[in-house]
Amino acid sequence: MKQLSEPPAPVEERTAARRLVPRELFTLGRDPLPRMSRPRWLAWLPHVVLGYAAIPCGVLTGMQLNDHYGVLGAGVLGLSLLTSASVLLSMFRPIAAWWLGLVTAALIAWAIHGHVGQGQSWPWTPAGPFTFAPLVLMVALRVPPRVTVWVIGITLLLSGLAEAVLRPPHSQTMILAAALVLGFVGILGYALRATRLARGKLVEQETLTEEERARRTLLEERSRIARELHDVVAHHMSVISIQAQVAPHLVENPSEELRENLTGIRENALEALTELRRVLGVLRSEQPDDPANPHHPQPTLAELDGLVDNVRGAGLDVTTTIAGIRRPLTPGVELTAYRIVQEALSNCLRHAPGSRAEVGLAYGPRDLHLCVANSAPTRPAPPSQGAGHGLLGMRERAGMLGGELAAGPRPDGGYEVSAVLPMDPRTDPLDGAPGTSPDLKKDA
């Protein structure tokens, strides 16, 4: 039995398309001519060209009726105006304009029927296929190719029937010339429409690709943060396990209930530590070369001087300023602060060659303030092969602790990254990560 989600078979698609053709041929709905996307200052060029083309189409029709066939009277002016009106209407309602053009062509054929001389064309005037061509072009630009084929086919079929039944004696046929002109403009319109649709699909795909790239970068950054916090969390879980094991020996004659509770705490801590290492092991197995290696301790602000020395060795002039009483912070804050400074200095090296950078740390009563600013670069930056999402990672790290990060250009042409991190985050960094259930801490 077929599921409802299965795509329709090709035969069913073709049947549905054939059923839509009559509806599309008789629709009078509004379908404005799209503007040009590039360049923007020529966006309305197609509309201007078509508006100007409507005037010579009407004038040429009147001249043909007067000079070539000798038709006089007010009817000539009316047919000229109908020809121009059909071209103007095609900018907004292409199918309706095509029907109006057919009616106008039939009226012209009826008006010249008694005036056709030796070797003169009928039912088309010599200029008739060319004044009718803009209508077919506008149809081909806006409707599917199958509808364009029907439009050209119906036009040529009606012309052939009129010629076969009502053709004046000694007149000359114009079916072949009309078929060549209308076929050419139909193919041209199809090509332009296909190009426009392909360009729109490309822009849409580029937008989706950029969103997917940003989403993937965010997930990779969160994964890297989780791997870096492994040592911090594992250390605390190990301490809990050891304290639960030692606690009974610190109490004289501990009760059996106390021993059972402490044993349960130790077993739960060991089980959680095992599961944590298993999960983080999977994350590390996906990127074995990641610097967050379990055999290396995570960096802290105590290693900031070494980081600055390395950056100076790479050619960047860096000065460091520390305000307030320097003191140890929680491991998560130390790691986050170090990584933000590291990424900001890396951005200075990549995007501001020849600039001078300043790193500022301010220890407040409750918050740690970071600021990494650089002056304007003295030479052009080389092309960067990175993903361009360093700021995304820094904001993710700051937000993980409940802090804030701001970045933007300076008035002197440089760039500044500043962050405020709480000294003692109320929640564990992992609990603050987006996507983490708030009930995990309560259930622990």
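Residues numbered from 1 in each chain as written. Predicted model: local features only at pLDDT ≥ 70, side-chain atom pairs only at ≥ 80, totals over all residues. Heavy atoms only, no water.

(A) Main features of the overall build of the protein. Counting its regular elements, the protein contains 14 helices and 5 strands. Going through the 444 residues of the protein one by one, you find that 36% of them count as buried. Nonlocal contacts in the protein, meaning residues at least 24 apart in sequence, comprise 74% of its contacts between residues at least 6 apart. In the structure as shown, the protein presents an accessible area of about 26,200 Å², 61% of it carried by carbon and sulfur atoms. (Helix = DSSP H or I, 4+ residues; strand = E, 2+ residues; numbered from the N terminus. Buried < 20%, exposed > 50% of the residue type's maximum accessible area, 1.4 Å probe, protein only. Contact = heavy atoms within 4.5 Å. Areas by Shrake-Rupley, 256 points an atom, 1.4 Å probe, with all protein chains shown as cover.)

(B) Seen up close, helix α3 (residues 74-89). With 16 residues, α3 extends 22 Å between its outermost C-alpha atoms, agreeing within 8% with the 22 Å of an ideal straight helix rising 1.5 Å per residue. Inspection of α3 places Val76, Leu79, Ser80, Thr83, Ser84, Ser86 and Val87 among the buried residues, and these make up the whole buried set. Down the axis of α3, the sector holding all buried residues measures 155°, keeping them to one side. When the buried face of α3 is taken as reference, the exposed residues oriented beyond 90 degrees from it are Ala74, Leu77 and Leu81. Elements in contact with the buried residues of α3: α2 (45-68), α4 (94-112) and α5 (128-142). (Expected span 1.5 Å × (residues − 1). Arc of directions from axis to C-beta.)

(C) View of a nonpolar patch on the surface. On the surface, Trp44, Val48, Tyr52, Ile55, Val59 and Met63 cluster together into a nonpolar patch covering about 660 Å² of accessible area. The residue valine 48 is located in helix α2 in this model. Relative accessible area serves as the criterion here: at 43%, valine 48 is assigned to the partly exposed category. (Patch = residues over 30% accessible without salt bridge, like charges linked within 9 Å, V, L, I, M, F, W, Y side chains within 5 Å. Salt bridge = Lys/Arg side-chain N within 4 Å of Asp/Glu carboxyl O.)

(D) Broad picture of the sheet that holds strand β4 (residues 404-409). Reading across the sheet, the 5 strands line up as β1-β2-β3-β5-β4 and stay open at both edges, with mixed pairing between neighbours. In this open sheet, the two strands that pair with only one neighbour each are β1 (317-323) and β4. Taken pair by pair, the neighbouring strands of this sheet meet at an average axis angle of 10°, ignoring direction. Pairing of strand β2 (residues 356-363) with strand β3 (residues 367-374) involves 7 bridges; the strand directions are antiparallel. The partner of glutamate 358 across the bridge, within β3, is alanine 373. Where helix α10 (residues 304-313) meets the sheet, its contacts fall on β1 and β2, and the angle it forms with β1 comes to roughly 160°. The sheet strands contacting helix α12 (residues 390-400) are β4 and β5 (415-422), and the helix crosses β4 at an angle near 155°. (Pairing = 2+ DSSP bridges. Axes fitted to C-alpha atoms, helices over the stretch in contact; angles between N-to-C directions.)

(E) Looking closely at the pairing of β2. A one-sided burial pattern is seen for β2, the buried positions being Ala357, Val359, Leu361 and Tyr363 and the unburied ones Arg356, Glu358, Gly360 and Ala362. Where β1 meets β2, 7 bridges bridge the pair, whose relative direction is parallel. Across the sheet, residue isoleucine 322 finds its bridge partner in β2, namely leucine 361. A crossover connection joins β1 to the parallel β2 through helix α11 (residues 331-351); in handedness this β-α-β unit is left-handed. Hairpin connection of β2 to β3: 3 residues between the antiparallel strands. (Right-handed = clockwise from strand over helix to strand, strands pointing away.)

(F) Looking closely at the environment of methionine 174. Here methionine 174 is to be found in the loop between α6 (145-166) and α7 (175-228). On a C-alpha basis, the gap between methionine 174 and proline 129 in space is 8.7 Å, while along the polypeptide they are 45 residues apart. For methionine 174, the residues in contact, after removing those within four places along its chain, are Ser121, Trp124, Thr125, Pro126, Pro129 and Glu163.

(G) Just the packing of aromatic side chains, in detail. In this structure the tally under the stated criterion is 2 aromatic pairs. Seen in terms of ring centroids, tryptophan 98 and tryptophan 99 are 4.5 Å apart; in terms of plane orientation they differ by 50°. Their pairing is tilted. By relative accessible area, tryptophan 98 is classed as buried at 0%. With 5.5 Å between their ring centres and 70° between their planes, tryptophan 124 and phenylalanine 132 make a pair best called edge-to-face. Owing to a relative accessible area of 6%, tryptophan 124 belongs among the buried residues under this scheme. (Phe/Tyr/Trp six-rings, centres within 6.5 Å; stacked < 30°, edge-to-face > 60°.)

(H) Quick peek at unusual backbone geometry. Residue proline 123 is reached from tryptophan 122 by a cis peptide bond, and omega for that bond is 5°. Summarising the element assignment, proline 123 is placed in the loop between α4 and α5. A positive phi angle, near 65°, is found at histidine 170, a position not held by glycine. For histidine 170, the position within the fold is in the loop between α6 and α7.

(I) Structural detail: the pairing of β5. As defined by bridge partners, β3 adjoins β5 across 8 bridges and the pair is classed as antiparallel. Residue pairing across strands places histidine 369 opposite valine 420, the latter belonging to β5. As paired elements, β4 and β5 share 6 bridges and run antiparallel to each other. Bridged to leucine 405 within β5 is alanine 419. Linking β4 back to β5 in an antiparallel pair, the connection comprises 5 residues, with glycine 413 at a positive phi of about 95°.

(J) Spotlight on the pattern of salt bridges. The full count for this structure, using the stated rule, is 4 salt bridges. Salt-bridge contacts for arginine 350 lead to glutamate 343; the nearest nitrogen and oxygen are separated by 3.3 Å. The partner of arginine 410 in a salt bridge is glutamate 416, with the nearest N and O atoms 3.8 Å apart. Under the relative-accessibility criterion, glutamate 416 is labelled partly exposed at 28%.

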